Amino acid sequence: MKKILCFILSMIMFSTAFMTAFAAETDINNESMPAIEDKSMSYDGETFFFDAGSGEILTENGEPFAFEDVKFEIPVSDERIEDEIAPAFDLFEIYIVRGGLKKTSGGKYTWWFNVDCSTSPFVKPHIKLTAQLRGNFTTGTTFSNVGNSVYHEYYTNTEYGVDYTWTSNAKTGYYRFSYTLTDYDANGQTQYRTTDSQLWNRTGHVWNFYFNDSSSGKSLPKPPANYLKGAAYTRPSNLANTYYTNYKNKTGITLDSSLYDVHHIRPLAYGGDNSYNNLIHLPKSLHKNVTGWWAGY
């Protein structure tokens, strides 16, 4: 009886969360497609990450890029508690879901997700995990579905921890995942979670650059995803000298030009101009990689 009362209290605590999940479920397309088991032995993509502190280019130990981990906590049914499949002292199944961009090839993104359930180490629950790719192709504010949602239904322990993949057209934009997890061993309870967004170019390189200059108030912003190709201006030969002079006049500081490159915040190739407001000095290593990112825009 005590276990049953604990379970009822747990259900009350999570009733609001389930109502939210039900409302949010409308974001998942009705025509879901099964995801594909990834049988590749290693990651062969080119996604890089710039560490602003060390100036190094990182590749996350050769692994594909992942959004932040998403945690689901689903109250355990009284049957599973009595069967001692799940630990009775916490009354929850805890699922950790990971997913992100694995590679870009042939004009396609390959996305991935996997899930694990540490609270049931011996007999994993029967669940269904649905992932919906959502994108924004302007400034990363309002997101809409990109293609059909994909899913995998987990029946056995061996299916957990496996990467399941699907593809979409490669296009510069802000992307995020929306997950829906249904636990059939917990009376079909369903929860919904959404990741933060990231900006990728069409070659699968994530924008992860940061630079801020407190003296001038200049910073390197994330660009919108809808710049059109087309130059209105050319770069004058004295651009760098003009920038450093203007910078000194405004701040009283003389920059060491051997440490920096002058960078167009909005590139000339995408309609940017040569005004001081559109320019920023970047450390040479950072500038090289920001320029490389724009080459795949």
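The structure contained in this document is the topic of the report that follows. Quantities reported herein were computed from a predicted structural model and do not represent experimental measurements.

### Looking at the pattern of salt bridges
Part 1 of the argument: Under the counting rule described, the total for this entry stands at six salt bridges.
Part 2 of the argument: Taking the shortest distance from any N to any O, the salt bridge between D38 and K102 comes out at 3.2 Å. Of the two residues, D38 sits in the loop between β2 (36-37) and β3 (49-50) while K102 sits in strand β7 (residues 92-105), which places them 64 residues apart along the sequence.
Part 3 of the argument: With a relative accessible area of 8%, K102 lands in the buried category.
Part 4 of the argument: In this structure, K124 and D116 form a salt bridge, with 3.2 Å as the shortest nitrogen-oxygen distance.
Part 5 of the argument: Through salt bridges that share partners, D38, K102 and D163 make up one connected network.

### Description of the pairing of strand β9 (residues 127-136)
Part 1 of the argument: The buried fraction of β9 is high, at nine of 10 residues.
Part 2 of the argument: As paired elements, β9 and strand β11 (residues 150-154) share five bridges and run antiparallel to each other. Of the residues in β11, the one forming a bridge with L129 is H152.
Part 3 of the argument: Where β9 and strand β13 (residues 173-183) come together, 10 bridges link them in antiparallel fashion. The partner of L133 across the bridge, within β13, is F177.

### Here we look at the side chain of S178
Part 1 of the argument: Here S178 lies in strand β13.
Part 2 of the argument: Here S178 falls in the buried class, since its relative accessible area comes to 1%.
Part 3 of the argument: A distance of 3.4 Å separates a polar atom in the side chain of S178 from a polar atom in the side chain of T194.

The rules behind each value
The numbers attached to residues start from 1 for each chain and follow its sequence in the written order. Where totals are concerned, whole chains, interfaces and linings use all residues; where local detail is concerned, this predicted model gives features only for residues with pLDDT of at least 70, and gives and counts side-chain atom pairs only at 80 or more. Each side-chain value is derived from all of the structure's non-hydrogen atoms; neither hydrogens nor water enter the calculation. We count a salt bridge whenever a side-chain nitrogen from Lys or Arg sits within 4 Å of a carboxyl oxygen from Asp or Glu. Helix numbering and strand numbering both begin at the N terminus, where a helix is a DSSP run of H or I of at least 4 residues and a strand a DSSP run of E of at least 2. The buried label goes to any residue with under 20% of its type's maximum accessible area, the exposed label to any with over 50%, and the partly exposed label to all in between, with areas taken from a 1.4 Å probe on protein chains only. Here, a strand pair is defined by DSSP locating no fewer than two bridges between the strands. Any pair of nitrogen or oxygen atoms within 3.5 Å is treated as a polar contact; in protein, a donor-acceptor pairing is required on top of that, and neighbouring residues in sequence qualify only through side-chain atoms on both sides.

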